[in-house]
Amino acid sequence: MENKFINDVYFYCSKIPRGKISTYGEIARAMGTKAYRQVGQALKRNPYAPKVPCHRVVKSSGDIGGFSGSDLKNIKKKISILKEEGVDVKNGKIVDFEKRLFRIS
DNA sequence: CGCTTGACACCGT
DNA sequence: AACGGTGCCAAGC
């Protein structure tokens, strides 16, 4: 683990249980930093594709955010996965966001 | 070593 | 509610 920051992102991400979600800011905060954007960068790289459920991370506003870039195609894919996980998405927004939000210790 | 970039967040208009 | 500008912090070049 050369990059502590990025590694931590993956760590916290993998902690998110199925059917729940978390936000970039929440993860950053849990890490003790405010580099929200770096969290996103890390997930975009995501070398641990299946191991780290990067699709369970969304924006604090309840928006989906991005997925493998900001392309609409990928966003759709992300929503699809979330729905399969049991998270409803409406108009690119998480349904019952506060409820689905997984708060990190 | 300094400037640009970015899967964000927050606040004002 | 939608849009835009500003702040934040690490990674890339």
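Just so it is clear, the structure is predicted and the values come from calculations on it, not from any experiment.

**Side note on the protein's contact with DNA strand C**
Part 1 of the reasoning: Neighbouring DNA strand C are the residues Asn3, Phe5, Lys34, Ala35, Arg37, Gln38 and Arg45.
Part 2 of the reasoning: Atoms of DNA strand C within 4 Å of the protein belong to the sugar or the phosphate in 64% of instances, the rest to bases.
Part 3 of the reasoning: Gln38 is positioned such that a nitrogen or oxygen atom in its side chain is 2.9 Å from a base oxygen of DNA strand C.
Part 4 of the reasoning: It is helix 3 (residues 36-45) that provides the largest number of residues to the surface near DNA strand C, a total of 3 residues.
Part 5 of the reasoning: Considered class by class, the residues forming the surface near DNA strand C number 2 nonpolar, 2 polar and 3 charged.

**Quick look at the protein's contact with DNA strand B**
Part 1 of the reasoning: Around DNA strand B, a shell composed of 17 residues is seen, among which Arg37, Gln38, Leu43, Lys44 and Gly66 lie nearest.
Part 2 of the reasoning: The protein-proximal atoms of DNA strand B, defined as those within 4 Å of the protein, are 52% sugar or phosphate.
Part 3 of the reasoning: One of the backbone N or O atoms of Lys44 is found 3.0 Å from a base nitrogen in DNA strand B.
Part 4 of the reasoning: For DNA strand B, a phosphate oxygen lies 2.9 Å from a polar atom in the backbone of Ser60.
Part 5 of the reasoning: Mapped onto the surface near DNA strand B, the elements with two or more residues apiece are helix 2 (24-31) and helix 3.

What counts and how
- Residues numbered from 1 in each chain as written.
- Chains lettered and ligands numbered in written order.
- Predicted model: local features only at pLDDT ≥ 70, side-chain atom pairs only at ≥ 80, totals over all residues.
- Heavy atoms only, no water.
- Near = heavy atom within 4 Å.
- Polar contact = N/O pair within 3.5 Å; in protein donor to acceptor, adjacent residues only side chain to side chain.
- Helix = DSSP H or I, 4+ residues; strand = E, 2+ residues; numbered from the N terminus.
- Nonpolar A, V, L, I, M, F, W, Y, C, P; charged D, E, K, R; others polar.

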